[in-house]
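Now for the letters of each chain:
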Amino acid sequence: MHGQMTGKGQGWRMRRPVQREGAERYLFLTLVAFAGTVLGTRAYLELTGYPRIGGGELHIAHALWGGLFLFVAALLPLILAGRTVYRASAVMGGIGIGLFIDEIGKLITTDNDYFYPAAAPLIYGTFLLAVLVYLRIRRTRPPSPRSLLLTSLQLIEEAVEGDLQDHERDVLQRRLAAAAREAPSDEQRRLATTLLAYVESRKLEIAPDALDRFRAIRAWWTAHEGHWIGSRGVAAVLVGALFVSGVRALVDLGIALTEIGAIDPSQSTRLFSLDMLHLVVEGIAGSLLLAGAVLIGLLGQRRFGASLAEYGLLVSLALADLASFYLRQFATIEVALFHGLLLFGVVAYRRQLRRDERRRAAAAMLAA
């Protein structure tokens, strides 16, 4: 973070960092490259019999290639500017961390054990943390005049390159107009006003919108999202998936508890095993999922039920699946993907419920 003088050499005030324009898109590319690299590397090594690159005492591990990708990804945005550079850096960073962390088992064991059981949950946990960061930066927050001006300067790069599109110019106009009104210093307001005049001038070249092959699909989804997600059929499928997942977790926990009665605690660590902890956590998540399904499907408490289901899925993804990656290794991927898709469905369902409530409230106000 940069420092700013508060007086004549009397001290420094730390400036709050500003999120880069388009940060969520770049991080999404990193996540896709990360996950794809780990899965692709594991599949390739499995199919080729884990070949060794090198000879004699040398073995060129793919973690080294990961370090090279990370090195280039770090250098690119320091040396070059432009949206294409940031995209390339995001993708190369994802590939680099994927190649590096895939060999974490070798890096944390004295015998270089690639198949060390803790490697899979560490990889999954790292990816999960990155997803949480992605979700965090996607949240909208009231921008400060300083952030409006800084992100506007980043978008100005596209105008310099002749790649500024019509919707980006609209965003620039809104941000610069707000900064021109609200910036704390005369210099910042003058800069925002000058840039706004430049953006609004007819001499500014506007690039045609990029070819969007999925525009028709997105437009169709936007027009029908409320009908699909709010329909009884989708709600029934969602409730059914939550109910089955909850019952399965509770049944597994019940079977394990019945088996414990026949175990001698002095002769077994079953009571304190990771497997038992995994089943208990799954049981907690399953109880939340089952309660959510009952509240949504039978009691009509849809918002509360969806909230419980969301908490249950978060427990599954953050805790139960993390333990499962240790116990079952990468065979857990299908379960984690299912939980992730189910969480996406529950979040979309909650969002649609809020929209319906706002629509009904607006209709009631108009009727009054």
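A brief look at the structure comes next. Values in this document were obtained by computation on a predicted structure and should not be read as measured data. (Residues numbered from 1 in each chain as written. Predicted model: local features only at pLDDT ≥ 70, side-chain atom pairs only at ≥ 80, totals over all residues. Heavy atoms only, no water.)

1. Describing the overall build of the protein
Of the regular secondary structure elements, the protein holds 13 helices and 2 strands. Burial analysis of the protein (368 residues in total) assigns 35% to the buried set. A sequence separation of at least 24 residues applies to 65% of the contacts in the protein between residues at least 6 apart. (Helix = DSSP H or I, 4+ residues; strand = E, 2+ residues; numbered from the N terminus. Buried < 20%, exposed > 50% of the residue type's maximum accessible area, 1.4 Å probe, protein only. Contact = heavy atoms within 4.5 Å.)

2. Details of the packing of aromatic side chains
Evaluated as defined, the whole model comprises 6 aromatic pairs. Ring geometry for Tyr 26 against Tyr 86: centres 5.9 Å apart, planes inclined by 70°, an arrangement best described as edge-to-face. Here Tyr 26, found in helix α1 (residues 23-48), pairs with Tyr 86, found in helix α3 (residues 83-101); they are 60 residues apart in sequence, far enough to count as distant. When sorted by exposure, Tyr 26 lands in the same class as Tyr 86, which is buried. (Phe/Tyr/Trp six-rings, centres within 6.5 Å; stacked < 30°, edge-to-face > 60°.)

3. Observations concerning unusual backbone geometry
Its identity is not glycine, yet Asn 112 carries a phi of approximately 50°, on the positive side. Among the secondary structure elements, Asn 112 is positioned in the loop between α4 (104-107) and α5 (119-138).

4. Observations regarding α5
Look at α5: 29 Å from first C-alpha to last across 20 residues, which is about the 28 Å you get at 1.5 Å a residue. Along α5, the residues classified as buried are Ala 119, Ala 120, Pro 121, Ile 123, Tyr 124, Gly 125, Leu 128, Tyr 134 and Ile 137. Packed against the buried residues of α5 are α1, α3, α4, α12 (302-328) and α13 (333-367). (Expected span 1.5 Å × (residues − 1).)

5. With respect to a positive patch on the surface
A cluster of basic residues, Arg 16, Arg 136, Arg 139 and Arg 141, forms a positive patch on the protein surface. Among the secondary structure elements, Arg 16 is positioned in the loop between β2 (12-14) and α1. Residue Arg 16 is classed as exposed on the basis of its relative accessible area, which comes to 67%. (Patch = residues over 30% accessible without salt bridge, like charges linked within 9 Å, V, L, I, M, F, W, Y side chains within 5 Å. Areas by Shrake-Rupley, 256 points an atom, 1.4 Å probe, with all protein chains shown as cover. Salt bridge = Lys/Arg side-chain N within 4 Å of Asp/Glu carboxyl O. Lys, Arg positive; Asp, Glu negative; His and termini not counted. Charge placed at Lys NZ, Arg CZ, Asp CG, Glu CD.)

6. A look at the environment of Ala 33
Tracing the chain through its elements places Ala 33 in helix α1. The sequence separation of Ala 33 and Ile 97 amounts to 64 residues, and the corresponding C-alpha distance is 9.0 Å. With near-sequence residues (within four places) excluded, Ala 33 lies in contact with Val 91, Gly 94 and Ile 95.

Keep in mind that these numbers describe shape and distance, not what the molecule does.
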